[in-house]
Amino acid sequence: MGNYTIQAEASRIFRSVLLADSRLQIPEHVEAASRRTSFDSSALASPFLPSPVKCTELSAALWALLATFGNAICADRYGLDDQRVVVNSDVASAFLFSFWLMRVGGKSVSDAELVRRYSVYDTTNQFTFWRRLVTSLYPTRDGRWFHLHGGLNSDRSLRMLGLPTDKDVASEMEAIEELCEGVRRFDAEWLDVEANEYWRQAGGICLTPKEYRDTEQGKAVADDALYLLEEFPSEKLPPVPWPKVRSETRRPLEGVKVVDLTRAIAGPTITRLAGLFGATVVRVSNMRLPDIGIVLFESNAGKRDAHLDLKTEAGREALIRLIEDADVVVDGYRPGALEKLGFGVTYVHEVAKRRGKGIVYARENCYGWKGPWRHRSGWQQISDAVTGVAWLFAQMWDVDEPVMPFLPNSDFQTGIVGCVGIMNALDRRAKKGGNYLVSTSLNQLNSFLISLGTQSPEVQQSLREMWPNMKLRHYDDIHRQMRVFLGDLPKVAPQLLIPRYFTTVKADLGIPDEEMVIIGPAATYDTTKLGYDRGSCLRGNHEAKWPDEQV
């Protein structure tokens, strides 16, 4: 592997790629602050995740960019002009599969009692063998591969295939074999159009990186950066000073109010990071809708959670009241969903004009914000299949079928990107005023990751030797892969599990005085102390009000 190190490559991506990308509109004072950002040399130096793409290196570089924006804001807010920040690439790696490492009340996420507690949000029974394994890669009649997806309710995908929505099967392999046969009765293009345009259910053809770039969608977003930042100046929207706060932690986003309208992983990660960096976050949930409980138990860290039904007048009025005093609104729903409910970017920006104080509207989707697929719903697995990541994993393991990544990399890294974009927009609002729109997507993250190149043949060979049990099949979904990965992790990279990489916070998950242990921040400052003001909470635990309004 020569002189290659994770730290050196992360630094190169941070300094020579990200900071040099004019499309990201990085201000001069942030570039100046980057000189005080470094990478922790005590972290593992050689690549260790079983991946052909540079997950660790990019995660560390994005954490560096996020922490550098934070440091520049801290200089403006608190006079911390000489503060340094160090990024730990071990923690940046663990962050990418962090909810599997969580412990609640001393119990791991595989503990039967904890599983029972977070499974109450699986109201559609997605974790039976039959329904869970709808979300996987299967061969098609015309010799291609299609990533079927159940989302939060597999009914539509199963009905599309003419299969029963519920079925008792004796094993995962029995479900896989029958689902394989169900998908194999159709051509890939038929499935793609049928799933996305008629059933309105996520799904995608597994493409190589070149095949994706050659699609009309790939061409439409080819010149887009990791995030798009649009400014909407107005005479009605003057500069907004940073909130006056009394703070011992001196985090960059203290006093900033964020409305979280997200589910799943990428969107909630944006807002969870905002909370880590000091923001006050109110997540709006609907108790009648399903959720991914294991993710929610971690991603609600640092947040308040309020139940609102946005299809009722009372729910809509409560959300308007939240937005009227918000600095940031984050939209992680299917493209167009919030517009249909009356809370798209146009209306939210109008609310800002009426009050005379700009709002940052941040949105995240799968495919990007232009092109023929921009309206489609999507998930991390769909993006990994469509953009070519799955075929790169196949090449690494020398198999002739696509293999899905073992971790939700594009979800978590898109979360970091979204928070970077929000910090950039808030910094500009403080100096120039105006409304802002920050747009991110899983596909843009994956395209950027692929553009960095794959690990060298020597590194990939060393990874195959480290992880011999990770040579898996097309039908091995993330749950099947994680069993193998987490089983071998303590032997391959025990350093990722050392206690100082984790933080303990009080949880609000239904049991009094319960604590939870979650992965800590990947960035450490001289003075600023990153952390969550509160642990995770259950849905609907709070009123739809900002804390200074709580009775």
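Above: the structure in question.
Everything numeric here is computed off the predicted structure, so don't read it as measured data.

Asks: Break down the pattern of salt bridges for me, citing the residues and quoting the values.
Replies: Throughout the structure, instances matching the rule amount to 41 salt bridges. Among the salt bridges present, the one from D224 reaches K370, with a minimum N-O distance of 3.0 Å. With a gap of 146 residues between them, D224 in the loop between α11 (216–220) and β8 (227–232) and K370 in the loop between β13 (360–365) and α17 (380–387) connect regions that are remote in the sequence. A relative accessible area of 35% means that K370 is categorised as partly exposed. When the shortest N-O distance is used, the salt bridge between K432 and E231 registers 2.9 Å. Of this pair, K432 sits in helix α19 (residues 409–432) while E231 sits in strand β8; the two residues are 201 residues apart in sequence, bridging distant segments of the chain. The class of K432 is partly exposed, set by a relative accessible area of 45%. Salt bridges here are not isolated pairs; linked through shared partners, they connect R132, E172, D476, D477, R480 and R483.

Asks: Explain the side chain of H147 residue by residue, including any values.
Replies: The topology assignment puts H147 in strand β6 (residues 145–148). Among residues more than four places away in sequence, those in contact with H147 are T135, S136, L137, G203, G204, Q381, I382, A385 and M404.

Asks: Go over the nonpolar core with me, naming the residues and quoting the values.
Replies: Formed by 155 residues in total, the largest nonpolar core has its most connected members in W63 and F97. Per-element accounting of this core gives the leading share, 13 residues, to helix α3 (residues 55–78). Those residues within four positions of F97 in sequence are excluded, and the remaining contacts are L49, L407, M482, F485, L489 and L496. One finds L338, F343, V348 and I359 within the second-largest nonpolar core, a separate group that totals 25 residues.

Asks: Which residues make up a positive patch on the surface, and what are the values?
Replies: Judged by side-chain charge, R156, R159, R200 and K340 come together as a positively charged surface patch. Of note, R156 is situated in helix α7 (residues 155–160).

Asks: Give me the lowdown on helix α14 (residues 313–324), citing residues and values where you can.
Replies: With 12 residues, α14 extends 16 Å from end C-alpha to end C-alpha; this agrees with the ideal 16 Å at 1.5 Å per step. Next to the buried residues of α14 lie β9 (257–261), β10 (280–285), β12 (328–331) and α16 (345–355).

Asks: A description of the pairing of β13 should follow, citing residues and the corresponding values.
Replies: Extensive coverage of β13 is indicated by the burial of 6 of its 6 residues. Looking at chain direction, β12 and β13 are connected through 4 bridges and run parallel. Bridge pairing in β13 links V329 to Y361. When β13 meets strand β14 (residues 435–441), the two strands line up parallel, connected through 6 bridges. Looking at β14, one finds that Y361 is bridged to L437.

Asks: Quick rundown of α3? Include the residues and the values.
Replies: Side chains that are three or four residues apart share a direction in an α-helix, a result of its 3.6 residues per turn. Look at α3: 33 Å from first C-alpha to last across 24 residues, which is about the 34 Å you get at 1.5 Å a residue. By the criterion of burial, α3 is predominantly enclosed, with 23 of the 24 residues buried. Positioned one or two residues after α3, G79 has a phi angle of 75°, which is positive.

Asks: Report on the packing of helix α12 (residues 266–276) against α19, specifying residues and quantitative values.
Replies: Across the interface, α12 lies against α19 with an axial gap of 7 Å and an inter-helix angle of 50°. Looking at the two axes, α12 sits oblique to α19. Pair α12 / α19 crosses with right-handed handedness. Here A266, T269, I270, R272, L273 and A274 of α12 come into contact with α19, specifically with D411, F412, T414, G415, I416, G418, C419 and I422. In terms of residue class, the contact of α12 with α19 is built from 8 nonpolar, 4 polar and 2 charged.

Asks: Give me the environment of V91: which residues, what numbers.
Replies: As for its position among the elements, V91 is in helix α4 (residues 89–94). Along the primary structure V91 and N409 are separated by 318 residues, whereas in three dimensions their C-alpha atoms are 14 Å apart.

Asks: Break down the sheet that holds β14 for me, citing the residues and quoting the values.
Replies: Within a sheet, neighbouring strands are paired by backbone hydrogen bonds and run either parallel or antiparallel to one another. The strand order across the open sheet built from 7 strands is β8-β14-β13-β12-β9-β10-β11, with neighbouring strands paired in mixed fashion. In the strand order of this sheet, the two ends are held by β8 and β11 (303–307), each with one partner. Taking the axes of each pair of neighbouring strands and ignoring which way they run, one obtains an average angle of 20° across the sheet. Where β9 meets β10, 4 bridges bridge the pair, whose relative direction is parallel. Each residue of the ladder has a partner; that of V258, found in β10, is V281. Most of the contacts of α14 go to β9, to which it runs at about 145°, and overall it touches β9, β10 and β12.

What counts and what doesn't
Residues numbered from 1 in each chain as written. Predicted model: local features only at pLDDT ≥ 70, side-chain atom pairs only at ≥ 80, totals over all residues. Heavy atoms only, no water. Salt bridge = Lys/Arg side-chain N within 4 Å of Asp/Glu carboxyl O. Helix = DSSP H or I, 4+ residues; strand = E, 2+ residues; numbered from the N terminus. Buried < 20%, exposed > 50% of the residue type's maximum accessible area, 1.4 Å probe, protein only. Contact = heavy atoms within 4.5 Å. Core = buried A, V, L, I, M, F, W, Y, C linked by side-chain atoms within 4.5 Å. Patch = residues over 30% accessible without salt bridge, like charges linked within 9 Å, V, L, I, M, F, W, Y side chains within 5 Å. Areas by Shrake-Rupley, 256 points an atom, 1.4 Å probe, with all protein chains shown as cover. Lys, Arg positive; Asp, Glu negative; His and termini not counted. Charge placed at Lys NZ, Arg CZ, Asp CG, Glu CD. Expected span 1.5 Å × (residues − 1). Pairing = 2+ DSSP bridges. Axes fitted to C-alpha atoms, helices over the stretch in contact; angles between N-to-C directions. Parallel < 35°, antiparallel > 145°, perpendicular 65-115°, else oblique. Left-handed = near helix turned anticlockwise from the far one by under 90°. Nonpolar A, V, L, I, M, F, W, Y, C, P; charged D, E, K, R; others polar.

None of the figures reported here should be taken as evidence of function without further support.
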